[in-house]
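Next come the chains, spelled out residue by residue.
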Amino acid sequence: MPGPPRPTEETPPLAILLILAGMVFITVNDSLIKALGGDYPLHQMVFVRSAIGIVFSLVILQFEGGFRELRTATPGLHLMRGLFVVISNMLYFAALAVMPLADAVATFFVAPLIITLLSVVVLGEKVGVHRITAIIVGFAGVLVMTRPGMAGEDAPQRWTLLLPVLAATAYAAMQVMTRKLGVYSKASALAVYIQGVFLVVSIGFYLVAGDGRFAEGVEAESLVFLFRAWVWPTPGDWPLFILLGCMSGAIGYLLSAAYKMGNAATISSFEYTALPLAIASGWLVFGEVPDLWVLAGTVLIAGAGIHVFMRERQRRSPVAPRRPLRRG
């Protein structure tokens, strides 16, 4: 019998496992943000999760070379990457405040398509017909899922629907930069840089809007979520904040490591696994029951991801023909 697929420099199986674990932690993180969003401002949650997350990342850094790994010849690029992820998170979490969890995640999943396009333009990566087809099918699944929400009395406003789309664009730019910078930086160092930018931005929000004055008289729930006053967490909420911080540290490392060692277009395809996880979380935690459109879209998306995974296994099989294979 043929053995397991051999790891390659482009996308070793470990990179796929890391991105899958990251999607699980992201689902937990999103659920916590949504659960706490009714009582606390977004920038306060960002501060707490980043303060805990940076400690988590610094501990991992010690196992990957220590503080010397933080030295970089491209501080401006790291700052830009951090700002991209801050913008992405702020917009996406604002969407969570007013949209069902599954809908927000589904709309956000234009990101893998954008990552694939940017990986070709910016990184010069080759994307075969099979992978392009799978990503298009997955994107079609996203459209199927969001189509029922485009009309009706309970549909969100159009500007609200744009929030996760804009978040996805910033996220795609960040992950392509991760692939570019990952050649020179450890995954833990990349995570520390991001957590540091989050801390600086959230402290800036506190100094400017921490008293809640910009939320007065505002009706848009997303803006209220962003600008309401800081509130000292209740004893019952502290465990949730601590868990949120742990998720932040784990997510920062897992995603940085996955995109550092894997082909950006391939890795991004596996982010679609967050969709069924979001549907399950929305159903079990928030009572958001998925309809047939959501389930149909999930089948398309999951099928596309499985196709890419099986294609990767076939392409790397030790018993595969020795003649050159088409990238896909």
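Please read these numbers as outputs of a predicted model, since none were measured by experiment.

Enquirer: Is there a simple way to think about the overall build of the protein chain in this case?
Expert: Along the protein chain, the regular secondary structure elements total 13 helices and 0 strands. Along the chain direction, N to C, the helices and strands of the protein chain fall in the order α-α-α-α-α-α-α-α-α-α-α-α-α. Taken across its 328 residues, the protein chain has 50% of its residues classed as buried. Considering only residue pairs separated by 6 or more positions, the protein chain has 86% of its internal contacts joining residues 24 or more positions apart.

Enquirer: Would you mind going over the packing of helix α4 (residues 101-108) against helix α12 (residues 274-286) with me for this structure?
Expert: Between two packed helices, what matters for the description is the angle formed by their axes and the separation of those axes. Contact geometry of α4 with α12 gives a least axis separation of 8 Å together with a crossing angle of 165 degrees. Relative to α12, the element α4 lies roughly antiparallel. For the pair α4 and α12, the crossing hand works out as right-handed. Contact with α4, carried on its side by L101, A102, V105 and A106, involves A274, L275, A278, I279, S281, G282 and F286 of α12 and no other residues of that element. A breakdown of the residues in the contact of α4 with α12 according to their chemical character gives 9 nonpolar, 2 polar and no charged.

Enquirer: It is not clear to me how the environment of I26 should be interpreted in this structure. Could you clarify?
Expert: With respect to the helices and strands, the residue I26 is situated in helix α1 (residues 13-36). Spatially, the C-alpha atoms of I26 and A274 are 7.8 Å apart, while their sequence positions differ by 248 residues. Leave out the neighbours within four places in its chain, and I26 touches I251 and L255.

Enquirer: How do you make sense of the pattern of salt bridges when you look at a structure like this?
Expert: Once their charged atoms are close, side chains differing in charge can pair, the charge on each being opposite to the other. Applying the stated rule across the entire model yields 2 salt bridges. When the shortest N-O distance is used, the salt bridge between E288 and K34 registers 3.8 Å. Residue E288 is found in the loop between α12 and α13 (292-316), and its partner K34 is found in helix α1; the two are separated by 254 residues along the sequence. Of the charged contacts in the structure, one is a salt bridge between R213 and D211, with a shortest N-O distance of 2.7 Å. The exposure class of R213 is partly exposed, given its relative accessible area of 41%.

Enquirer: Looking at this structure, how should I read the environment of S269?
Expert: If you trace the backbone, S269 turns up in helix α11 (residues 264-269). For the pair S269 and I115, spaced 154 residues apart in sequence, the C-alpha separation works out to 9.5 Å.

Enquirer: Help me understand the side chain of R49 in this model?
Expert: Of note, R49 is situated in helix α2 (residues 42-63). The buried charged residue R49 lacks any salt bridge, with D30 as its nearest oppositely charged partner at 6.8 Å. One polar contact links R49 to N29, side chain to side chain, over a distance of 3.0 Å. When near neighbours in sequence (up to four residues on either side) are disregarded, R49 contacts N29, N89, F93, Q195, F198, L244, G245 and S248.

Enquirer: Is there a simple way to explain the environment of W238 in this structure?
Expert: Among the structural elements, W238 can be located in helix α10 (residues 238-261). Residue classification places W238 among the partly exposed residues on the basis of a relative accessible area of 30%. W238 has contacts with W232 and P233, leaving out every residue within four places of it along the chain.

Analysis parameters
- Residues numbered from 1 in each chain as written.
- Predicted model: local features only at pLDDT ≥ 70, side-chain atom pairs only at ≥ 80, totals over all residues.
- Heavy atoms only, no water.
- Helix = DSSP H or I, 4+ residues; strand = E, 2+ residues; numbered from the N terminus.
- Buried < 20%, exposed > 50% of the residue type's maximum accessible area, 1.4 Å probe, protein only.
- Contact = heavy atoms within 4.5 Å.
- Axes fitted to C-alpha atoms, helices over the stretch in contact; angles between N-to-C directions.
- Parallel < 35°, antiparallel > 145°, perpendicular 65-115°, else oblique.
- Left-handed = near helix turned anticlockwise from the far one by under 90°.
- Nonpolar A, V, L, I, M, F, W, Y, C, P; charged D, E, K, R; others polar.
- Salt bridge = Lys/Arg side-chain N within 4 Å of Asp/Glu carboxyl O.
- Lys, Arg positive; Asp, Glu negative; His and termini not counted.
- Polar contact = N/O pair within 3.5 Å; in protein donor to acceptor, adjacent residues only side chain to side chain.

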